[in-house]
Structures are given as C-alpha cells and as structure tokens.
Amino acid sequence: MAAGSEGARPRRPEEPRAEPIMKRGLGVPWLFAAAYSAVGFSIYFALGVVADRGLGLTPLIFLAAGLLFGLTTLTYVEGGAMFRERGGSSTFARHAFNELVAFIAGWAILIDYLIVIALAAISVPHYLEPISGNFADPGWEIGIAAAVIVAVCVLNILNVTGRERQASLVFLALADLGLQLAVIIVGALVVMHPERLTEHVHLVTEPSFKDIVYAAVVAMLAYAGIEAASDLAPDIDVGREDLKRVASIGAIGVPLVYALMAAVALMAVPVVGGPAGPHTALGGEFVEEPVLGVVSQYHPAWVADSMRWLVMAIATPVLIWAASTSMLGVSRHIYTLAINRQIPSWLGKLDRRSATPYVAIVLSGIIAIGLVIPTNVKLLASIYAFGATLAITIAHLSIIRMRVKDPDRRRPFRIPFGFHWGVATVPLPAVVAALLSGLAFLSVLAYHSTARWAGLGWMAFGLTFYVVYRKVFEGTTLTKRVSVTERALTKQVPEIEFSNILVPVFGTKFDDDIVATAGRLAAAEADSKSDAGTSRMDVVYVIEVPLTLPLDAKLPKEREEKARRALARAREVGEEYEDVEVRTDVIRARKVGAGILEAARRGNAEAIVIGGEAPTKIRGGGVLGGIGAAKPAEIGAATEYVLKKAPCRVLLTAPPEPR
C-alpha cells in the first residue's frame, strides 16, 4: 500500500490535480471572462462606498486604484503561473520567505474573503427592490442575506461549485460584463452631463486630501476578487502569449470599465451641496445598491424601469455567485493553511464524499452572518482595505524575493521592465506596486480608525493562535514548514479494515503517511461496526539499546526527546480520524524489529503498518551488508525481521525515494 515518498526536502502538499478547466484552444476572450467573473462583481457594492468620500473625483480614483490593480495583476499572474498552486499571496510568501510570513498573508486574506461574502449577501436584498421595496427593510435585509450565506454554504459543502460549473460561471461573467457596458452606453445617451463631475470639486478642499486617500484605498474593494482569480492558476493551461494577453486586457480593461461606470453614476446621481458639505446619494441612499440607484435616475421612465429589471436579473445571481466563489476561496484557503499545519487540521477536515472542508465552510458561514448583522457596508469596506493592502504588499515582496532567491526558476510569465540586481532581474512594476500598496496600508492605519483596530485585532488574534499552536501543539518553530498530505484530512474507506493496528514510527517526515494509512484503515473498521465502537491504533517508537548497556540504562536525552516528538506528532495526525483511539509508547529493545514484534504481541495487534526503509548505499550485496540481489530495495533489516516473524498481517508502505 503506497503512502507517499520522502526526499531531502519536505514534500509539497497539493490538492488532487485535475485536468485543466480551460486550455489554450479556448482563446483569450474565454480566459478573460473566467478571470473577470472573479473580479467584476465588486462594482455592485464598491461604487457607493468610494463615491461617499471621493465625490466628483471618483472616476479618477478608480483609475488610480486601477493602476495598482494592473501592477498587482502582473504580480499574481507571474506567481500563479510559476507555482500553479492555490493560495495567492500566502503561497508566494511560503516559497519566498517562510511559514510565518505566509500565515500573516493568509490570515489577512481570510478576513477579506469573509467580508466579500458578507458584502455580496447584504447587497442581494437591495438589488431585489424592483420586486418589492420591503426587501431593503432591516428584518428582510438580514434574513435574505443570511439565507444567501446558508445556501452558499450548502452549495460548497455539496461541491456544486466544482469544475463542472465553470462554463456557467463564464457565461454569467459575460452577462455581467454586458450589463456594465449597457449601463455605461445607455447612461451616456440619457444622462450625459459632464459638468456635474466637476461642479463640487475644489482642489485640496473638496474632497480633501484625507478623503481622496481614504476613497482610493477603499477603491481596492472594487478589485476584491484578485485572490480568487489567482486560484484559477491550477485549472487553466495556457501558453506564455495568452498569459500576456489576459494580463494586459485585465490590467487595462477592468479599471477602465469601473471608471466609466463611476463617471456615468455621478452624472446620474450627482454631487450636491448641503449643510454638512457636498455629498452624493450614491454614498447615502444608494450605498447598498449603487448600480440600481444609478439606472433608477435614467429618463424617460420606461428606460429606467427596463434597466432596473435588467440590473436585478443579472446583478442578483452575480452577487450570489460571488458569495459562492468567495466561500470556495475560503474553503480552499483554510484547507491550505491546515495542510501546512498553520491551523489545526480539523478546521480543514474534508467530507468523505464531496472532499470539501465542511468544518471550515460552516464556521465561515457563521462568521459571515455575524458580519452581515450590523448592515454597515462602509465599515466592512474599510476593514477589507486593511487585509487587502497587507496581503498585496506581501505578494509583491514575495515575487521580488523569488527573482533574487531563485532567478533560474521556470517562469511561464515574467513581469516586464526589470533591472539587474547581481545575477537577478528585479521587476520594476512589482517594486513600484510594493511601495504603493505599502503606503496604502499605512494610510489605512492612519485614516481608517475602525479598520485599524478591527484589523490589528484580527491579526493579533491570529498570530497568538498561530504561535500557541505551532509551539505548544505542533512542537516546531514559527518559520519551519510542516505539512501533511490530504489523506490526513479525510477518511476514505479502504478495502481492508482492522480494528487494532500497530504503527512503528521513526521520527521521519514519512511517519505522517504511515500513520495516515493506518488511520484510514482503523476509521473504516470503526464505521463498519454496528455499534458505536472505536478502533485502536498503537503507535510505538523503538529505541535500540546496545548489548553493552542494560535495557533500562540512561540514554542520551536527545534520543528520548526525538522519540517524544515523533509520538506527539503521530498522535496529532492519528487523532484526525474519528472513532479511532490513539495510544503511544516508547519501547526499548536490542533490535528495532524485535521491539516492534514485542509490541504487536503485547497489544494483540491485528496488523502492523510499517514504512519501507530506504536502501543503503553499501555495495556488494547482502554478504557485505548491502542490498541483496533477491530482496526488494524497500526491505531493510528491521522490515525483513518483521515480515518474517510477525504474528499478524503486515502492510508495507512505499519507501522514500533516495537522493
């Protein structure tokens, strides 16, 4: 029974790799639509919160934020094409820096995903107003938003958002893009009043510098799906030229559409003066449904009514799908954190049938509903800016460091316009973007007081949790990569079942695979029992004591410490399997094989699951202590002894590949 392999470096865990969803033959338009589906939805709630402070400069603010979006797109395309893994900035930081930096980026992304779910859900009842204006009332608003989140959780647990639904997502993205272009074109025909854009704009005073910076940072909400779009990397198989086209079109097209939408919006719902200063209904009355508010001001009335129903018909499913894809992003993200032992594995536990992290999805749904209850989109937008600016800054720095750290790595797409730094070529756009996003993060700390304390509180909680988990429960450093395979997060029923299994461990990274194999066997037996009984897994570490010493002799502290760490690690992996009792023990013996058999007899083991041993490099066959010609390479001395003399069945896992 093969369980994996081990080399000199930790094996990189990945989700099971499927065939690419989209291949080169589909062309750039389809690839752009797939990426746009993960980004284009946010205009439906971002427009109002940006216009609230940006006023007449909102179109220019969207363009300015679009500059950073364009530079960030280049960074994410290079990183996604280079690693072909999910996780966005967290994955980039893992390869460029270490697990601590990866966790900081990942934890920041996590709150952003949850906020996007809440914002999308809370916008749905407002975009249903053409059916009934009562849907925007507080009771209906929270109820419908909560129902959307519950539905999204169910869809994701059942894996309805899987690969087979990607074609529907592309068509929905095209409808979304078509609606936005229709709003722009119809608006240009019926509310073309360019003078309204500058009527209440006075340099430095209206809007103020603080308001401009505030709005520019919140405008990053308009590109909320960039992390989700980066998750498409493992699913799309395209060539270098197509990547360049998609990156170029996305970096220019998306900000341009948003800026034109903002211009039409401010001509339809202009900035007006008042006792409290200039303001626009986009940031007040229509802040939860700005696009619907814009088309409501079109004239004649039949145009406004037609556009309202069109916006409702397309924006509502787009927002629901946005919440669903963000929940998918949450689940994949928590899975990645769990499999890299940055959070407990039970948070990423996979359902046995749909292979979805149901615990993570349920918890995320509860948090998202909690974020909905205040019904304050401005607050959620400012907190989002905290996480986004932090994660994006780390992403840029990671790509820069990878250029220096591993200049020869294959990169299907490379950010253009670099400068030489030793043997490396540093991408200038990433340097500029890192500076801009870093300054944006500092502006959040300076100007967004609520976001500052909420964001810092979120990060403080996460880092405290991470430190305690890694140091106390994981028993490792904050920066070292420790990972388990997907099999440790799921229970798959194997063909052979045993209720009492002995598992020898040796303190190697291969132990995780051995214990996971035994755990699946024991868990399957527990599931098959008619009563609610449990299976047992005895994990032992055999310390070999030389003949020159008594068995109870005091041994070097390092050997006992290694045994303790190995057993603690094995217990943690084994306890991922429900209804399996895990026992651990240290055994002293003259030979490792003899100690294993002693434990098997003493515990009445039904099976021994043991890892194959890497072959020695000694030449000359069995006579000289090397590998005999008639004996498989994975059969070492201890394994051979166990196979010959075991009182029960022995399951041998695949050995690590020698380097």
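Our structure's up above, just so we're on the same page.
Residues numbered from 1 in each chain as written. Predicted model: local features only at pLDDT ≥ 70, side-chain atom pairs only at ≥ 80, totals over all residues. Heavy atoms only, no water.

Quick notes on the overall build of the chain
Turning to step 1, where the next piece is worked out: Scanning the chain from N- to C-terminus turns up 20 helices and nine strands.
Turning to step 2, where the next piece is worked out: A buried classification covers 56% of the 659 residues belonging to the chain.
Turning to step 3, where the next piece is worked out: Expressed as a percentage of contacts within the chain between residues at least 6 apart in sequence, the contacts between residues at least 24 apart total 80%.
Turning to step 4, where the next piece is worked out: Accessible surface for the chain amounts to roughly 27500 Å². Of this, 62% is attributable to carbon and sulfur atoms. (Helix = DSSP H or I, 4+ residues; strand = E, 2+ residues; numbered from the N terminus. Buried < 20%, exposed > 50% of the residue type's maximum accessible area, 1.4 Å probe, protein only. Contact = heavy atoms within 4.5 Å. Areas by Shrake-Rupley, 256 points an atom, 1.4 Å probe, with all protein chains shown as cover.)

Let's talk about the packing of helix α12 (residues 301-339) against helix α13 (residues 358-372)
Turning to step 1, where the next piece is worked out: Relative orientation of the contacting elements α12 and α13 amounts to 130°, with a least axis distance of 9 Å. For the element pair α12 / α13, the angle class is oblique. For the pair α12 and α13, the crossing hand works out as right-handed. Residue-level inspection shows M327, V330, S331 and I334 of α12 in contact with α13, the latter providing A360, I361, S364 and G365.
Turning to step 2, where the next piece is worked out: Partitioning the contact of α12 with α13 into residue classes produces five nonpolar, three polar and no charged. (Axes fitted to C-alpha atoms, helices over the stretch in contact; angles between N-to-C directions. Parallel < 35°, antiparallel > 145°, perpendicular 65-115°, else oblique. Left-handed = near helix turned anticlockwise from the far one by under 90°. Nonpolar A, V, L, I, M, F, W, Y, C, P; charged D, E, K, R; others polar.)

Description of the environment of A136
Turning to step 1, where the next piece is worked out: Relative to the helices and strands, A136 is located in the loop between α5 (99-127) and α6 (138-157).
Turning to step 2, where the next piece is worked out: Note: C-alpha distance between A136 and I122 (14 residues apart in sequence) is 9.5 Å.

Description of the sheet that holds strand β5 (residues 500-504)
Turning to step 1, where the next piece is worked out: As summarised here, the arrangement of the five strands in space is β7-β6-β5-β8-β9, forming an open sheet in which the pairing is parallel. If you trace the sheet from one side to the other, it starts and ends with β7 (580-589) and β9 (649-653), each paired once. Taken over all neighbouring pairs, the strand axes of this sheet differ in orientation by 25° on average, direction set aside.
Turning to step 2, where the next piece is worked out: With two bridges joining them, β5 and strand β8 (residues 607-611) adopt parallel strand pairing. Paired with I501 across the strands is A607, a residue of β8.
Turning to step 3, where the next piece is worked out: Across the sheet, helix α18 (residues 557-574) is in contact with β6 (535-544) and β7; its angle to β6 comes to roughly 165°.
Turning to step 4, where the next piece is worked out: Sheet strands touched by helix α19 (residues 592-602): β5, β6, β7 and β8. Its angle to β7, the strand with the most contacts, is close to 135°. (Pairing = 2+ DSSP bridges.)

Examining the side chain of R470
Turning to step 1, where the next piece is worked out: Looking at the secondary structure, you find R470 in helix α16 (residues 449-474).
Turning to step 2, where the next piece is worked out: No salt bridge forms around the buried R470; measuring N to O, its nearest opposite-charge neighbour E99 is 4.9 Å away.
Turning to step 3, where the next piece is worked out: Here the side chain of R470 touches T477 through a polar contact of 3.1 Å, landing on its backbone oxygen. (Lys, Arg positive; Asp, Glu negative; His and termini not counted. Salt bridge = Lys/Arg side-chain N within 4 Å of Asp/Glu carboxyl O. Polar contact = N/O pair within 3.5 Å; in protein donor to acceptor, adjacent residues only side chain to side chain.)

A closer look at a nonpolar patch on the surface
Turning to step 1, where the next piece is worked out: There is a patch of nonpolar side chains on the surface, built from L67, V404, F417, F419, W421, L428, V431, V432 and L436 and spanning about 840 Å² of accessible area.
Turning to step 2, where the next piece is worked out: At the level of elements, β3 (418-421) and α15 (428-447) are the ones that each hand at least two residues to the nonpolar patch.
Turning to step 3, where the next piece is worked out: Residue contributions to the nonpolar patch peak at four residues, all from α15.
Turning to step 4, where the next piece is worked out: Assignment of secondary structure puts V404 in helix α14 (residues 377-405).
Turning to step 5, where the next piece is worked out: Owing to a relative accessible area of 41%, V404 belongs among the partly exposed residues under this scheme. (Patch = residues over 30% accessible without salt bridge, like charges linked within 9 Å, V, L, I, M, F, W, Y side chains within 5 Å.)

Examining the packing of aromatic side chains
Turning to step 1, where the next piece is worked out: One pass over the full model with this rule turns up 10 aromatic pairs.
Turning to step 2, where the next piece is worked out: Aromatic pair W107 and F461: ring centres 6.3 Å apart, planes at 40°, arrangement tilted. Of this pair, W107 sits in helix α5 while F461 is found in helix α16, placing the two residues 354 residues apart along the sequence.
Turning to step 3, where the next piece is worked out: Three or more aromatic residues joined by ring pairs form one cluster here, namely F103, W107, W458, F461, F465 and Y466. (Phe/Tyr/Trp six-rings, centres within 6.5 Å; stacked < 30°, edge-to-face > 60°.)

Things to note about α5
Turning to step 1, where the next piece is worked out: Compared with the 42 Å implied by 1.5 Å per residue over 29 residues, the 41 Å span of α5 between its first and last C-alpha is a close match.
Turning to step 2, where the next piece is worked out: When you tally the buried positions in α5, you get 26 out of 29 residues, the bulk of the element.
Turning to step 3, where the next piece is worked out: In this structure N98 caps α5, since a side-chain oxygen of it lies 3.0 Å from the backbone nitrogen of L100. (Expected span 1.5 Å × (residues − 1).)

Structural notes on the pairing of β8
Turning to step 1, where the next piece is worked out: For β8, the tally of buried residues reaches five of five residues, placing the bulk of the element in the interior.
Turning to step 2, where the next piece is worked out: Burial along β8 is two-sided: A607, V609 and G611 and I608 and I610, pointing in opposite directions, are all buried.
Turning to step 3, where the next piece is worked out: Alignment of β8 against β9, held across five bridges, turns out to be parallel. When the sheet's bridge partners are listed, A607 is paired in β9 with R649.

Quick look at unusual backbone geometry
Turning to step 1, where the next piece is worked out: Cis rather than trans, the peptide bond between H299 and P300 has omega equal to 5°.
Turning to step 2, where the next piece is worked out: Tracing the backbone through its elements, the reader meets P300 in the loop between α11 (290-296) and α12.
Turning to step 3, where the next piece is worked out: Phi angles above zero are rare outside glycine, and N604 is one such case at about 50°.
Turning to step 4, where the next piece is worked out: For N604, a relative accessible area of 60% translates into the label exposed.

Points about the packing of helix α3 (residues 58-83) against α15
Turning to step 1, where the next piece is worked out: As a packed pair, α3 and α15 sit with axes 9 Å apart at the nearest point and diverge in direction by 125°. Between α3 and α15, the interaxial angle falls into the category oblique. Relative to α15, the crossing made by α3 is left-handed. Contact with α3, carried on its side by L68, L71, L74 and T75, involves P429, A430, V432, A433, L436 and S437 of α15 and no other residues of that element.
Turning to step 2, where the next piece is worked out: Considering only residue class, the contact of α3 with α15 consists of eight nonpolar, two polar and no charged.

Notes on the pattern of salt bridges
Turning to step 1, where the next piece is worked out: One pass over the full model with this rule turns up 15 salt bridges.
Turning to step 2, where the next piece is worked out: Ionic pairing is found between D585 and R602, a salt bridge with its closest N-O pair at 3.2 Å. Of this pair, D585 sits in strand β7 while R602 sits in helix α19, and the two are 17 residues apart along the sequence.
Turning to step 3, where the next piece is worked out: By relative accessible area, which is 34% here, D585 ends up partly exposed.
Turning to step 4, where the next piece is worked out: Since its relative accessible area comes to 52%, R602 is described here as exposed.
Turning to step 5, where the next piece is worked out: One connected set of salt bridges, linked through shared partners, spans E78, R403 and R411.

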